[in-house]
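So the chains spell out like this:
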Amino acid sequence: QVQLVESGGGLVQPGDSLRLSCAASGFFLNYYAIGWFRQVPGKEREGVSCVGTSDGNTDYADSVKGRFTISRDNAKNTVYLQINSLKPEDTAVYYCAANLMRTRCAGTSISLNPAHLHEYDYWGQGTQVTVSS
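How each quantity is defined
- Residues numbered from 1 in each chain as written.
- Predicted model: local features only at pLDDT ≥ 70, side-chain atom pairs only at ≥ 80, totals over all residues.
- Heavy atoms only, no water.
- Helix = DSSP H or I, 4+ residues; strand = E, 2+ residues; numbered from the N terminus.
- Rg over C-alpha atoms; globule rule 2.2 N^0.38 Å.
- Salt bridge = Lys/Arg side-chain N within 4 Å of Asp/Glu carboxyl O.
- Buried < 20%, exposed > 50% of the residue type's maximum accessible area, 1.4 Å probe, protein only.
- Core = buried A, V, L, I, M, F, W, Y, C linked by side-chain atoms within 4.5 Å.
- Contact = heavy atoms within 4.5 Å.
- Polar contact = N/O pair within 3.5 Å; in protein donor to acceptor, adjacent residues only side chain to side chain.

Participant: Would you mind showing me how to read the overall build of the chain here?
Facilitator: When helices and strands are tallied, the chain shows 1 helix and 11 strands. Traced from its N-terminal end to its C-terminal end, the chain shows the element sequence β-β-β-β-β-β-β-β-β-α-β-β. In terms of overall dimensions, the chain is globule-like: its C-alpha atoms have a radius of gyration of 14 Å, near the 14 Å expected for 133 residues. Along the first, second and third principal axes, the C-alpha set of the chain runs to 40 × 30 × 30 Å.

Participant: Looking at this model, I keep getting lost on the pattern of salt bridges. Mind explaining?
Facilitator: Once their charged atoms are close, side chains differing in charge can pair, the charge on each being opposite to the other. Across all of its chains, the model carries 5 salt bridges by this definition. Among the salt bridges present, the one from Glu46 reaches Arg38, with a minimum N-O distance of 3.0 Å. Residue classification places Glu46 among the partly exposed positions, given a relative accessible area of 31%. On the basis of relative accessible area, Arg38 is assigned to the buried category, the value being 7%.

Participant: Any chance you could explain the nonpolar core here in plain terms?
Facilitator: The nonpolar side chains of a soluble globular protein tend to be buried, and buried together. Formed by 34 residues in total, the largest nonpolar core has its most connected members in Leu4, Trp36, Val79, Leu81 and Tyr94. For this core, the leading source of residues is strand β9 (residues 92–99), giving 5 residues. Those residues in contact with Leu4 that sit more than four places away from it in its chain are Cys22, Ala23, Ala24, Phe27, Leu29, Cys96, Ala97, Ala98, Tyr122, Trp123, Gly124 and Gln125.

Participant: What should I look at first to understand the side chain of Ser49 in this one?
Facilitator: Tracing the chain through its elements places Ser49 in strand β5 (residues 46–51). A polar side-chain atom of Ser49 sits 3.0 Å from the main-chain carbonyl oxygen of Asp59. Beyond its immediate stretch of four places on either side in the chain, Ser49 contacts Ile34, Gly35, Trp36, Asp59, Tyr60, Ile70, Leu81 and Leu112.

Participant: I'm lost on the environment of Met101 in this one. Help?
Facilitator: By the element assignment, Met101 lies in the loop between β9 and α1 (108–111). For Met101, a relative accessible area of 55% gives the class exposed. Sequence separation of Met101 and Tyr120 is 19 residues, and the distance between their C-alpha atoms is 7.8 Å. Filtering out sequence-adjacent residues up to four positions away, Met101 remains in contact with Glu119 and Asp121.

Here is the structure:
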């Protein structure tokens, strides 16, 4: 079976950091572009970051650029999202997803565009990040 499992979320204060993990089973993440998305109630799912199979091929939403870092550990079949300087507006459920159509991220206008969610075939269950004083 193919499965993605996110972990690492929690309740934190503004300015704190979190490291989210996306662990795969049943397939190898290193073959595909992997995206991180987030969603709050009543809002559409928002793309925040993407990493391709080649080192250095990454996309970031403008709202998170400079604070979020996406990375891979192929030996662990895991993709990470390091989140620094957390803000209350970062509060959301964070999802990872695998894009079987691509080995590279195609820029924010495609890989992080809600209109292109159909490109992502495998999704995790999400992990809650809550940033509050």
